[in-house]
Amino acid sequence: TSSPEESSSETQVPEDTESSKFYMLQGTITKTEKNDSAFTLLADDGKEYKIALSDIHDVETEIEKNTQIAIACMKDPSGDPEKNTYICAFPEQEEWTISTDEGITTSNAMSTFMIQTTDGREIGFIKDNCPSDEDALTSDSGDSVIVTYVTSDNANFPLEIRKGK
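Residues numbered from 1 in each chain as written. Predicted model: local features only at pLDDT ≥ 70, side-chain atom pairs only at ≥ 80, totals over all residues. Heavy atoms only, no water.

A. Representation of the pattern of salt bridges in the model. For the structure on display, the rule yields five salt bridges. Between K21 and E160 there is a salt bridge, with its nearest N and O atoms 2.8 Å apart. With K21 in helix 2 (residues 18-21) and E160 in strand 11 (residues 155-163), this pair connects stretches of sequence that are 139 residues apart. The class of K21 is partly exposed, set by a relative accessible area of 23%. Each of the salt bridges in this network shares a partner with another, and the network as a whole consists of K21, E160 and R162. (Salt bridge = Lys/Arg side-chain N within 4 Å of Asp/Glu carboxyl O. Helix = DSSP H or I, 4+ residues; strand = E, 2+ residues; numbered from the N terminus. Buried < 20%, exposed > 50% of the residue type's maximum accessible area, 1.4 Å probe, protein only.)

B. Expanded view of the sheet that holds strand 1 (residues 22-32). Taken in spatial order, the six strands make up an open sheet running 3-2-1-5-6-4, and their pairing is mixed. Lying at the two open borders of the sheet, with one neighbouring strand each, are strand 3 (48-52) and strand 4 (56-59). Across the sheet, the mean angle separating the axes of adjacent strands is 35 degrees when strand polarity is ignored. Both strand 2 (residues 38-43) and strand 3 contribute to a ladder of five bridges, which runs antiparallel. Residue pairing in the sheet places T40 in a bridge with K50 of strand 3. (Pairing = 2+ DSSP bridges. Axes fitted to C-alpha atoms, helices over the stretch in contact; angles between N-to-C directions.)

C. Local environment of the packing of aromatic side chains. Summed over the entire model, instances satisfying the criterion amount to four aromatic pairs. Between F90 and F157, the aromatic rings sit 5.0 Å apart at their centres with planes inclined by 65 degrees, giving edge-to-face as the arrangement. Linking F90 in strand 6 (residues 85-91) with F157 in strand 11, this pair joins segments that are 67 residues apart in sequence. Considered together, F90 and F157 belong to a single accessibility category, that of buried residues. (Phe/Tyr/Trp six-rings, centres within 6.5 Å; stacked < 30°, edge-to-face > 60°.)

D. Spotlight on the pairing of strand 7 (residues 98-108). Here strand 7 runs beside strand 10 (residues 144-152); their pairing, made up of seven bridges, is antiparallel. Within strand 10, the position partnered with I104 by the bridge is S144. Note that strand 7 and strand 8 (residues 112-117) share five bridges and pair antiparallel. By the bridge assignment, S107 is partnered in strand 8 with M114.

Here it is as structure tokens:
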């Protein structure tokens, strides 16, 4: 008998971070500022968050009152929730999976890139302002990378791109 972790089709990457470093902040927008520069989110955890649109790296959804959204976030190493990074805002969906895959880039364009994973899968990503190691994506192809990402509407959005080994 093998455990579910071992039979997973995902490339195994050291568990240094995924579950503890990234999370989805989900809730309903209760208020938007007149100039749409900020909004208040009543999160599923019961807390209210006032978020400036300029603090979110990539917004993939309408920011309107009474709309349910989810924001992919990265915890700040200091542990201070005020310093967490808002990476990407999405329309709400039933379930969110944060995945990590390692591979070699097969293409690297302005707003997208593809990798071939160590187990042979090809995965494409949209790279709108996500946190990235400076030297992670340096050439058109052939870079070794580790990508932590979330999938929304059949598109993969990186939360972090790190240089591979």
